[in-house]
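# Summary of structural features
The lines below spell out each chain.
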Amino acid sequence: MTAITQSVDLDRRGRVAVLTVNNPPVNALSQHVRQGLHDGLKQALADSSASAIVIVCAGRTFIAGADITEFGKPPVPPGLHAVLDLIESSPKPVVAAIHGTALGGGLEVTLACHYRVGTKDARFGLPEVKLGLLPGAGGTQRLPRVVGVEKGLSMMVSGDPIRADEALKHGLIDEIVEGDLTAAGVAFADKVVTERRPLRKVRDLDDKLAAVRGKPEVFAAFRKSVARQTRGFRAPENIVKAVEAAVSLPFDEGIKRERELFLELLNSPESQAQRYFFFAEREAAKIPDVPADTPVKDVRKAAVIGAGTMGGGIAMNFANVGIPVTVVEVKQEALDRGLSVVRKNYENTASKGRMTMQDVEKRMALLTGTTDFSAVKDADIVIEAVFEEMPVKKEVFAKLDAVARPDAVLATNTSTLDVNEIASATKRPESVIGMHFFSPANVMRLLENVRGAKSSKTTIATAMAVGRRINKVPVLVGVCYGFVGNRMLHQRGIQAEKLILEGALPHQVDKVLYDFGFPMGPFAMSDLAGLDVGWRIRKGRGVRSEVADRICELGRFGQKTGAGYYKYDDKRNPSPDSEVEKIIVDVATEMGITRRHIDDEEILQRLLYPMVNEGAKILEEKIAIRASDIDVIWVYGYGWPVYRGGPMFWADQIGLRPLRDRMLQFQKATGDPFWTPAPLLNRLADAGKGFLDR
Ligand SMILES: NC(=O)c1ccc[n+]([C@@H]2O[C@H](COP(=O)([O-])OP(=O)(O)OC[C@H]3O[C@@H](n4cnc5c(N)ncnc54)[C@H](O)[C@@H]3O)[C@@H](O)[C@H]2O)c1
């Protein structure tokens, strides 16, 4: 065996040369891997006793993509194109033997090979779209030649990998192999030589492209089918254009077109934001004073207190990953109702074909309902989701303190109450932490973990680890009213209300945010959540929100009653309602407000700049560890479009000085202290800096 570079070895087995890549952890395409493949291949080609070549990987996976540490650095040759050209033009057959995940550049390597075999649990994908890019090493040209235009488009536009059986069905691999992978790859290559099979160069394949040539309707239908989920993103359209080029242009020209479309994306604000966000998400896992080697409690059993809207959803997250979970309620009736909602949720998923009825039963079997509080005694983590009332929470935590294991993590899902006060109801505040899930808790990925003043490092590290285990994106925040997400949302809500009184209408405000990229604006969101919840809370506190209250007084509680800020048809399609407009105009008149035309730019600035300003306060108060954590919260919890990075990234793109100056203009015009820039915003604006480079 010869070491070609630090990560690539060349070996020979009989008449087959074997190139093995060993670049842990995921065999990324680092410079020394590209060099090793290039030089190793040349040696194998020069070796007259080798008749075929196998490319295989050591460790847990085939090449799973680019080396992200090389991102943004000047490229060092050989480039991937040069390596792929050498593979494809090899006069000796080259076979890729694949296990684990062949992703991105890894899959593009296999597409340059003449044959591909894979293990039965291998996965194949081109996920570049998730970074706002397209597969830039021939993937857009080669994949459709192999799997066909429609399958290729759907793989590249979704970015989701496919399984080996599907890959076999679509011709992406030639065989599913068993046993030792290198041996299987060698045996396959041997067979190719013995049977004198042709060198199948993907660049020369045309039958699957010919099938759609002159049929633009295929592309039109595809664009339409993905329009909703790709709205606002730039990469999906460039991928479609690149595949159109694959169909209409000769291979080398198609590659040139792919390059142009790739560079356009690389320099686009959308991809910059998406690549920023990729790192932001990874960064959020790091907590400066809770190092990665902090002992974490192994969670084998969980308990959830309360089987309401949130409790049921939270419990599902545990069952989904195979962790048994006990759900505790006060009354049998509430328990039965809660568990039947969980069952219905699972059955709905099954009816859409996304899980089997057997899975439903398996997950339900992991859920145990009880009204006996002492059932939490063997849980490693308990998450409380009872009514949002401090005395109730304290009573629950005092009881937990009495019965839970001494080393259990005790978490509260409160959205507004003080985690420290809740912790004070126990004799072990170091084990208490907030775990703020978002509704619907079985769907939303965001988890704000709220660190109490006394939460121990192990408690924090465990809450973060459990969050990841149940497929959430946990972000650590500190104690304050509303934590990070809702605290910023509140600022947006204040302006939304003012805007409609001053002259805009709910649908105009909502449209501005929808066009910005949010799934919906504040009024549509209120209608979806139900207007009665806030109304009841305001009545309890003896306060009024004039427009909202008058709408509720008409029995208009939002979508569930067919009317709220909008009226809804029987398919829940909204339309603006003159009755609501009249309420707004009446209230404005009574308040002495002269309504005026407000343009979309002002609406956007007034909704989003206050959020950024609040973000600055949150940073200065150290409620969030870093600006990028705030962005992760807004993308995963509130539908901020990822191609705009998040509110703090977005603010940096605008420039903090113009943003601050615009706030000062609003302040001058209204005399409203609401518009006072946060000290941190002022300092950064004056210094010409951004939140992310402070
Ligand atoms: N609904 C949301 O969108 C949302 C989002 C994030 C956080 N939260 C928080 O989650 C918590 C629960 O909210 P929800 O919307 O699920 O409320 P909910 O009213 O739907 O459910 C609360 C459940 O707790 C049960 N309960 C009350 N006291 C109990 C006790 N002592 N022991 C056991 N069970 C008890 C009730 O019977 C009820 O089923 C609150 O703290 C809330 O602020 C809610």
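Along each chain, residue indices are assigned from 1 in the same order as the chain's sequence is written. Residues qualify for local features only when their pLDDT is at least 70, as the model is predicted, and side-chain atom pairs are given and counted only at 80 or more; totals for whole chains, interfaces and linings, by contrast, use all residues. Water and hydrogen atoms play no part in the side-chain values, which are based on all heavy atoms of the structure.

Counting buried positions along helix H4 (residues 139-147) yields nine of nine residues, so the element is predominantly enclosed. Residues of H4 that are buried include every one of Gly139, Thr140, Gln141, Arg142, Leu143, Pro144, Arg145, Val146 and Val147, and no others. Secondary structure counts use DSSP, requiring at least four H or I residues in a row for a helix and at least two E residues in a row for a strand, with both numbered from the N terminus. Gly148 sits one or two residues past H4 and shows a positive phi near 95°. Burial here depends on accessible area, computed with a 1.4 Å probe over protein chains only, as a share of the maximum for the residue type. Under 20% is buried, over 50% is exposed, and the range in between is partly exposed.

Our next topic: the pattern of salt bridges. Note on definitions: salt bridges are taken to be side-chain nitrogens of Lys or Arg within 4 Å of carboxyl oxygens of Asp or Glu. One pass over the full model with this rule turns up 57 salt bridges. What emerges from the salt-bridge pattern is a single network uniting Arg538, Arg544, Glu546, Asp549, Arg550, Glu553 and Glu590.

Next up on the list: the packing of helix H5 (residues 149-158) against helix H10 (residues 235-248). Closest axis-to-axis distance for the H5/H10 pair is 10 Å, and the angle between their directions is 155°. Classified by the interaxial angle, the pair formed by H5 and H10 is roughly antiparallel. Of the two elements, H5 crosses H10, and the hand of that crossing is right-handed. Note on element contacts: H10 touches H5 through Pro236, Ile239, Val240, Val243 and Val247, opposite Val149, Leu153, Met156 and Val157. Taken together, the residues of the contact of H5 with H10 break down into nine nonpolar, no polar and no charged. Working convention: axes come from line fits to C-alpha atoms, limited for helices to the stretch in contact. Angles between N-to-C directions cover 0 to 180 degrees. Here is the rule for angles: anything less than 35 degrees is roughly parallel, anything more than 145 is roughly antiparallel, 65 through 115 is roughly perpendicular, and the remaining ranges are oblique. By the definition used in this description, the sense in which the near helix is turned from the far one sets the handedness, with an anticlockwise turn below a right angle giving left-handed and a clockwise turn giving right-handed. The contact definition used throughout considers only heavy atoms, calling two residues in contact when any of these lie within 4.5 Å. Residue classes follow a fixed rule: Ala, Val, Leu, Ile, Met, Phe, Trp, Tyr, Cys and Pro count as nonpolar, while Asp, Glu, Lys and Arg count as charged, and any other residue, Gly among them, counts as polar.

Pairs were defined over the aromatic rings of Phe, Tyr and Trp, the Trp ring being its six-membered one, requiring ring centres within 6.5 Å. Orientation was assigned from the angle between planes: stacked under 30 degrees, edge-to-face over 60, tilted for the rest. In this structure the tally under the stated criterion is 19 aromatic pairs. With centroids separated by 4.8 Å and ring planes inclined at 65°, the aromatic side chains of Phe523 and Tyr565 adopt a geometry described as edge-to-face. Taken together, the residues span a long stretch of sequence, with Phe523 in helix H21 (residues 522-529) and Tyr565 in the loop between helix H23 (546-553) and strand E19 (566-568) at a distance of 42 residues. Since its relative accessible area comes to 8%, Tyr565 is described here as buried. The interplanar angle of 45° and the centroid separation of 5.7 Å between the aromatic rings of Trp535 and Phe557 together place this pair among those described as tilted. Here Trp535, found in helix H22 (residues 532-541), pairs with Phe557, found in the loop between H23 and E19; they are 22 residues apart in sequence, far enough to count as distant. Trp535 sits in the buried class, given a relative accessible area of 15%. Among the aromatic residues, those joined into a cluster by ring pairs are Phe438, Phe516, Phe518, Tyr609, Trp634, Tyr638, Trp640 and Trp650.

Right, let's get into the sheet that holds strand E8 (residues 123-125). Should DSSP find at least two bridges between two strands, the strands are taken to pair. As summarised here, the arrangement of the three strands in space is E6-E8-E9, forming an open sheet in which the pairing is mixed. The strands lining the two open edges of the sheet, one partner per strand, are strand E6 (101-103) and strand E9 (162-163). In this structure, E6 lies alongside E8, joined through three bridges in parallel fashion. Note on E8: the bridge partner recorded for Leu103 is Gly125. The sheet strands contacting helix H3 (residues 105-112) are E6 and E8, and the helix crosses E6 at an angle near 90°.

Moving on: the site of the ligand. Surrounding the ligand, one finds 22 residues, the nearest of these being Met310, Glu329, Glu388, Lys393 and Ser415. The contact in question runs from an oxygen atom of the ligand to an N or O atom on the backbone of Thr309, over 3.0 Å. Asn413 is positioned with one of its side-chain polar atoms (N or O) 2.8 Å from an oxygen atom of the ligand. Here the accessible surface of atoms and residues is derived via Shrake-Rupley with a 1.4 Å probe, and residues count as covered only by protein chains that are part of the display. Coverage of the ligand by the protein chains reaches 79% of its 830 Å² of free accessible surface. Elements that contribute at least two residues to the shell around the ligand include exactly helix H13 (309-320), helix H16 (390-403) and strand E16 (432-437). For the shell around the ligand, the residue count by class is eleven nonpolar, eight polar and three charged. Nearness of a residue to a molecule or strand requires only that one of the residue's heavy atoms be within 4 Å of it. As used in this structure description, the phrase polar contact means that two N or O atoms lie within 3.5 Å; if the pair is within protein, one of them must be able to donate a hydrogen and the other to accept it, and residues adjacent in sequence are counted only when both atoms belong to side chains.

This part is about the environment of Gln43. For Gln43, the position within the fold is in helix H1 (residues 31-46). C-alpha of Gln43 to C-alpha of Lys472: the two residues are 429 residues apart in sequence and 47 Å apart in space.

This part is about the pairing of strand E18 (residues 473-478). Burial of E18 is extensive: six of the six residues sit out of reach of the surface. Residues Val473, Val475 and Val477 line one face of E18 and the alternating positions Pro474, Leu476 and Gly478 line the opposite face, and both faces are buried. Direction of pairing for strand E17 (residues 446-451) relative to E18: parallel, over a ladder of six bridges. Paired with Glu448 across the bridge in E18 is Val475.

Time to look at the state of the cysteines. Disulfide assignment relies on a single distance test, namely cysteine sulfur atoms paired within 2.5 Å. Scanning all chains against the criterion turns up zero disulfides. Unpaired in this structure, Cys57 has its nearest cysteine sulfur neighbour in Cys113, at a distance of 10 Å.

One can describe the packing of H5 onto helix H9 (residues 216-230) by two numbers: an axis separation of 11 Å at closest approach and a directional angle of 20°. As far as their axial angle goes, H9 and H5 are roughly parallel. Of the two elements, H5 crosses H9, and the hand of that crossing is right-handed. Judged by residue contacts, Val149, Glu150, Leu153, Ser154 and Val157 of H5 engage Val218, Phe219, Phe222, Val226 and Thr230 from H9. Of the residues assigned to the contact of H5 with H9, the class counts are seven nonpolar, two polar and one charged.

What follows is about a nonpolar patch on the surface. Each patch is assembled from residues with relative accessible area greater than 30% and no salt bridge, linking like charges that lie within 9 Å and nonpolar side chains (Val, Leu, Ile, Met, Phe, Trp, Tyr) that lie within 5 Å. On the surface, a cluster of nonpolar side chains totalling about 230 Å² of accessible area is made up of Ile68, Phe71 and Phe279. With respect to the helices and strands, Phe71 occurs in the loop between strand E4 (52-57) and helix H2 (80-88). Given a relative accessible area of 30%, Phe71 falls into the partly exposed group.

Expected span of a helix: the number of residues minus one, times 1.5 Å. Given a rise of 1.5 Å per residue, 16 residues ought to cover 22 Å, and the 22 Å separating the end C-alpha atoms of helix H11 (residues 251-266) matches this to within 8%. Among the residues making up H11, those that are buried are Phe251, Gly254, Ile255, Glu258, Leu261, Phe262 and Leu265. Take H11 and look down its axis: the buried residues cluster within an arc of 125°, on one side only. Read the arc as the range of directions from the helix axis to the C-beta atoms.

Time to look at the nonpolar core. Trp634 and Phe691 are the most contacted members of the largest nonpolar core, which has 80 residues in total. Ranked by residue count, the leading element in this core is helix H25 (residues 600-620), at nine residues. Ignoring any residue separated from it by four or fewer positions in sequence, one finds Phe691 in contact with Val612, Ala616, Leu619, Ala627, Met648, Ala651, Asp652, Leu656, Leu680, Leu681 and Leu684. We call a set of buried Ala, Val, Leu, Ile, Met, Phe, Trp, Tyr and Cys residues a nonpolar core when their side-chain atoms join them within 4.5 Å. Residues Val94, Ala96, Ala235 and Phe262 belong to the second largest nonpolar core, which totals 69 residues.

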